[in-house]
Amino acid sequence: MEIANHQKAEILARALPYIQMYRKKVIVVKYGGNAMINEELKETVMNDLVLLSTICLLYTSDAADD
C-alpha cells in the first residue's frame with residue numbers, strides 16, 4: 001500500500017504528541033513469529049522500525065548478542 005506524502009505528513013502531525021511523550025523512553029520491540037516469515041509483514045515491520053529510527057525513537061544495540 002502506497003501512502004501519499006501529504007497523508008504521511010498528516011499522520012506524523014497527529015502522532016507528534018505521542019512521539020514527544022515517548023522521547024527518551026525505553027521501547028522494546030519484539031520481532032518474531034509470523035513477522036519473520038510473512039514477507040509483506042516483514043517489510044511493514046522494517047519500515048516501521050526505520051520510521052522510529054528516523055524520528056529518533058529507536059536506538060539499536062547488539063547487546064542482546066553478548
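In the block above lies the structure referred to throughout.
Cut-offs applied
- Residues numbered from 1 in each chain as written.
- Predicted model: local features only at pLDDT ≥ 70, side-chain atom pairs only at ≥ 80, totals over all residues.
- Heavy atoms only, no water.
- Salt bridge = Lys/Arg side-chain N within 4 Å of Asp/Glu carboxyl O.
- Helix = DSSP H or I, 4+ residues; strand = E, 2+ residues; numbered from the N terminus.
- Buried < 20%, exposed > 50% of the residue type's maximum accessible area, 1.4 Å probe, protein only.

A. Up close: the pattern of salt bridges. Across all of its chains, the model carries 1 salt bridge by this definition. Glutamate 39 serves as the salt-bridge partner of lysine 42, at 3.2 Å between the closest nitrogen and oxygen. Of this pair, lysine 42 and glutamate 39 both sit in helix H3 (residues 39-54), 3 residues apart, roughly one helical turn. You can call glutamate 39 exposed: its relative accessible area is 54%.

B. Structural view of unusual backbone geometry. Look at lysine 24: it is not a glycine, yet its phi comes out positive at around 65 degrees. Given the relative accessible area of 73%, lysine 24 is considered exposed.

None of the figures reported here should be taken as evidence of function without further support.
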